[in-house]
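Residues per chain, in single letters:
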Amino acid sequence: MDSNSGLDAIFQPGSVALIGASGTPGKLGYDILYNLIHAGFEGPIFPINPKADQLLGLTAFKDIGSTPSPADLAVIVIPSRMVNDAVEQCGKAGVKAAIIVTGGFAEAGHEGELLQEELARTGRKYGVRLIGPNCQGVNSPHHKLCASWPLLTTRGGMAFIAQSGTVGAALMDWASEEEIGVSVFVSLGNRADVDESDCINYFNRDPNTRVISLYVEGVKRPAAFMQALAEARKPVAVLKSGRTARGRVAAESHTKSMAGSDEIYNAIFSRFRVHRADTLEELYDFSKALAYMKKPPGKRLLHISSSGGAAILAIDEADKLGFVSPAPGAALVERLRRFLPAHCGTSNPIDLTGDAITDPSLYSKVIAEAKSEFDASVVIFGDPIHGASDIVTGENEVIVFCGGADVEREESRLMHRKGIPVYRTPERGIKALYQFFRFDEETKAAQPAHDSAAAQAARLMPAPEAVELLKKFRIPAVEAPLASTPAAAVSLARKFAAPVALKISSPDVSHKSDVGGVRLGLARPAEIREAFEDIVKKTKSRVRRARVDGVTVSPMAPAGGLEVILGVIRDPQYGPALMFGLGGIFTEIYRDVQFCLLPAADGEFLRVIRGIRGYPLIAGARGRKPKDEKALLRLMKAVSRLVEKRPDLDQIDLNPVIVYEKGLSVVDCRILLK
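Just so it is clear, the structure is predicted and the values come from calculations on it, not from any experiment.

Undergrad: Can you tell me about the overall build of the protein, naming the residues and giving the values?
TA: Broken down by element type, the protein carries 24 helices and 31 strands. On C-alpha atoms alone, the protein measures out to a radius of gyration of 33 Å, which is more than a quarter above the 26 Å that the 2.2 N^0.38 rule sets for 674 residues. Once the C-alpha set of the protein is aligned to its principal axes, its extents read approximately 105 × 70 × 45 Å. The proportion of buried residues among the 674 residues of the protein is 52%. Of all intrachain contacts in the protein linking residues separated by at least 6 positions in sequence, the fraction that spans at least 24 positions is 67%. Total accessible area computed for the protein in this model is approximately 30,300 Å², and 51% of it derives from carbon and sulfur atoms. A distance of 7 Å separates the average location of the 83 positive side-chain charges in the protein from that of its 79 negative side-chain charges.

Undergrad: Can you explain the sheet that holds strand 10 (residues 155–162)? Please cite residues and give values.
TA: Strand order across the open sheet formed by 7 strands is 9-8-11-10-12-13-14, with mixed pairing between neighbours. Looking along the sheet, the strands with just one partner apiece sit at the ends: strand 9 (145–148) and strand 14 (275–277). Averaged over all pairs of adjacent strands, the angle between their axes in this sheet comes to 20°, without regard to strand direction. As judged from the 2 bridges shared by strand 8 (residues 137–140) and strand 11 (residues 182–187), these two strands associate in the antiparallel manner. Each residue of the ladder has a partner; that of N139, found in strand 11, is F185.

Undergrad: Which residues make up the sheet that holds strand 24 (residues 518–522), and what are the values?
TA: The strand order across the open sheet formed by 4 strands is 22-25-23-24, and the pairing between neighbours is antiparallel. In the strand order of this sheet, the two ends are held by strand 22 (482–483) and strand 24, each with one partner. Note: strand 23 (residues 500–505) against strand 24, 3 bridges, orientation antiparallel. Within strand 24, the position partnered with V500 by the bridge is L522. The strands that helix 19 (residues 486–496) touches are strand 22, strand 23 and strand 25 (550–555); relative to strand 25, the one it contacts most, it runs at about 10°.

Undergrad: Describe the packing of aromatic side chains, and please don't skip the residues or the numbers.
TA: Applying the stated rule across the entire model yields 10 aromatic pairs. Between F323 and F437, the ring centres sit 5.5 Å apart and the planes meet at 90°, which makes this aromatic pair edge-to-face. Of this pair, F323 sits in the loop between helix 11 (308–320) and helix 12 (330–337) while F437 sits in the loop between helix 17 (426–434) and strand 21 (459–460), placing them 114 residues apart in sequence. A single burial state applies to F323 and to F437, both of which are buried. Residue placement shows K288 over the ring face of Y423; its charged tip is 4.8 Å from the ring centre.

Undergrad: Could you give me a rundown of the environment of D514, with the residues and numbers involved?
TA: Looking at the secondary structure, you find D514 in the loop between strand 23 and strand 24. Assessed through its relative accessible area of 48%, D514 is described here as partly exposed. Note: C-alpha distance between D514 and R542 (28 residues apart in sequence) is 9.4 Å.

Undergrad: How would you summarise a nonpolar patch on the surface if you had to cite specific residues and measurements?
TA: A surface patch of nonpolar side chains, about 210 Å² in accessible area, is lined by Y34, L56 and L151. Mapped onto the fold, L151 is located in the loop between strand 9 and strand 10. Classification of L151 by relative accessible area gives partly exposed; the value is 30%.

Undergrad: Let's hear about the pattern of salt bridges: which residues, and what values?
TA: One pass over the structure, following the stated rule, counts 35 salt bridges. Between D193 and R129 there is a salt bridge; the shortest N-O distance is 2.8 Å. Of the two residues, D193 is situated in the loop between strand 11 and helix 6 (196–204) and R129 in strand 7 (residues 129–131); the sequence distance between them amounts to 64 residues. The salt bridge partner of D285 is R428, with a shortest N-O separation of 2.7 Å. On the criterion of sequence distance, the pair formed by D285 in helix 10 (residues 280–292) and R428 in helix 17 is long-range, its members being 143 residues apart. For R428, a relative accessible area of 18% corresponds to the buried category.

Undergrad: Can you break down the nonpolar core residue by residue, with the values?
TA: One finds I10, F11, I99, V186 and F203 to be the most contacted residues of the largest nonpolar core, which totals 51 residues. Among the elements that take part in this core, helix 6 stands out by supplying 4 residues, more than any other. When sequence neighbours within four positions are dropped, the list of residues in contact with I99 reads I10, L73, A74, V75, I76, I131, C135, G137, V138 and A147. Counting residues in hydrophobic clusters, the runner-up holds 44 residues, among them L578, I652, L654 and V659.

Undergrad: Before we move on, could you go through helix 2 (residues 28–38) and cite the residues and values that matter?
TA: Among the residues of helix 2, G29, Y30, I32, L33, N35 and L36 are the ones counted as buried. At its buried positions, helix 2 is contacted by strand 1 (16–19), strand 2 (45–48), strand 3 (54–55), strand 4 (58–59), strand 5 (73–76) and strand 9. Once helix 2 finishes, G40 follows within two positions and takes phi at roughly 90°, a positive value.

Undergrad: Could you give me a rundown of the side chain of D653, with the residues and numbers involved?
TA: Relative to the assigned elements, D653 resides in strand 29 (residues 649–659). Among residues more than four places away in sequence, those in contact with D653 are I565, L566, G567, D668, C669 and R670.

Undergrad: Give me the lowdown on the pairing of strand 2, citing residues and values where you can.
TA: Along strand 2, one buried face is formed by I45 and P47 and the opposite face, lined by F46 and I48, is buried too. Examined bridge by bridge, strand 1 and strand 2 share 4 bridges and lie parallel to one another. When the sheet's bridge partners are listed, V16 is paired in strand 2 with I45. For the crossover from strand 1 across helix 2 to strand 2, the handedness is right-handed.

Undergrad: Break down the layout of surface pockets for me, with residues and values.
TA: Of the volumes computed, that of the second largest pocket is approximately 420 Å³. Lining the second largest pocket we find 22 residues, and of these I19, G20, I48, P50 and I78 sit closest to its centre. Here the lining of the second largest pocket gets 4 residues from one element, more than from any other, and that element is helix 3 (residues 80–93). Grouping the amino acids of the lining of the second largest pocket by side-chain chemistry returns 11 nonpolar, 6 polar and 5 charged.

The rules behind the values
Residues numbered from 1 in each chain as written. Predicted model: local features only at pLDDT ≥ 70, side-chain atom pairs only at ≥ 80, totals over all residues. Heavy atoms only, no water. Helix = DSSP H or I, 4+ residues; strand = E, 2+ residues; numbered from the N terminus. Rg over C-alpha atoms; globule rule 2.2 N^0.38 Å. Buried < 20%, exposed > 50% of the residue type's maximum accessible area, 1.4 Å probe, protein only. Contact = heavy atoms within 4.5 Å. Areas by Shrake-Rupley, 256 points an atom, 1.4 Å probe, with all protein chains shown as cover. Lys, Arg positive; Asp, Glu negative; His and termini not counted. Charge placed at Lys NZ, Arg CZ, Asp CG, Glu CD. Pairing = 2+ DSSP bridges. Axes fitted to C-alpha atoms, helices over the stretch in contact; angles between N-to-C directions. Phe/Tyr/Trp six-rings, centres within 6.5 Å; stacked < 30°, edge-to-face > 60°. Lys NZ or Arg CZ within 6 Å of the ring centre and 35° of its normal. Patch = residues over 30% accessible without salt bridge, like charges linked within 9 Å, V, L, I, M, F, W, Y side chains within 5 Å. Salt bridge = Lys/Arg side-chain N within 4 Å of Asp/Glu carboxyl O. Core = buried A, V, L, I, M, F, W, Y, C linked by side-chain atoms within 4.5 Å. Right-handed = clockwise from strand over helix to strand, strands pointing away. 1 Å grid on protein atoms, 1.4 Å probe; cavity = no way out; pocket = protein on both sides within 12 Å on 5 of 7 lines; lining within 4 Å. Points joined across faces, edges and corners; volume = space filled by probe spheres on them. Nonpolar A, V, L, I, M, F, W, Y, C, P; charged D, E, K, R; others polar.

So, in structure tokens, the structure goes:
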């Protein structure tokens, strides 16, 4: 059978029968019949109840074979032991599909599994497509069908497909409350027949659906699932539960399907560009964005707010996700100053303060001006801004409304009726916007030419001076004398009688490797001279107006150690703090670091050492001999004494520090003075 065969009968039927219809309020047979009627369903509705002649004003029928014409869809809410016979009777009567709300099947144990297998066989035998059993039904507002509960009728572009009726209903509640609507809600239940793959395929072709959003515990047909994702032309968002070991056990018990390895799902979602959500709120937020927003041309954001605090939260989240929030150019600032009150900030964010309450037009004026310089505006209504729904355009805008009480709720609903999504917190809005960029090919932006260190707040201590300072505190730093010419570099290398490292010496270059300012393992005079000239040439070409003093020459450290980093920063409020982690060129990539305030006791230093994820490399993983943890402890204590004695030091970076089985060596150091 074609996987989509008969699904029109479920999602846009011409007629519906309710097997188990009731006239008693509070029973499912009553509630669903009420919802079928009051959703405005335009085709015939046939209540099936052998003991009633009329229910809720409709003629009732003794059985499914007694209706004046075959129903396209039957909704079944009778005891589980009677369901299989009901499906057989549906098939014989020409019914094309059935939604089985009744539970007591595979979720209930071995006997229930057998009952469900029999049910699936019956459906296949008679060509009746099945949703469920043990489900909350289907709500299709565009077709005025509510074969579910509660009664929700707001039409929209989000398709919510859930293996949990409650989870799906929560999404429906939010969409209904906010008046943004859905294209469909499908509660799959035990998936005796129709599953998540069928639904992806079907709603990929549905003209009313803009995004397909799923809550998934386990996948019934893995190959079909991947095929459906591969063929999807509409965005797909997924909340996949069962991520932890205990969660997987619960999911398998709930759905009677293997929940699968979370790492495998990550790989699948990455391959097919599925927008994976970590929470139910994220699934809802991502769905709103993907259904109602368009991708901005780039990542330059201008934050416009009546609340400085809310704007800072937005900027923090934007920065984490790779957006940029630069200050407006001088020309834009000049235009803004023509109409903004003098006390309003014109950097980024544009802080409209409480003036926006009395003059909401400030928002629209800033939004209009920002389009010339920024890719998108993050518009934050942080107060009760009347008329907010008339201000926004929905074009390259992220709308956040928080702190507006009743005005917020009313204006948000008005925006949603226009198809403009609104988010309740800055972080939620920025994360939703990020969905348009999460699968972009990550290309490393061209590094801007490094300006002079005049822009730095601290002065870089020359390497020879820094080494000398460290040695005064018994810190084993590698020698780094300065060579101002290629010949001097060759002469210094001879003194070390071993391969050497050359590193650029410039007060304007803080990270030497970033500008090609490091060469390692040099031994022959010719290669030392060539390396000297190459380092100086590259540095001057990449760092504008840099002062180059020459290069430092250091002996290469012995092989066989582990690279770590140890650093100190001074916080303006809390004073000095020590950082420790895996070192070398991967420090900023892995960010496997721990911090502690200085001064600190030995126990705190040991906590920092043992707190990094890479600690097994120090302790001696997989049969390797452990590194010298006591030497690391001595180094931390020495650095703490140095910081205490020299309050003029702003930052210290010892990277890499190579730790051996016995002892360690500080291979490179960077010290900044206040």
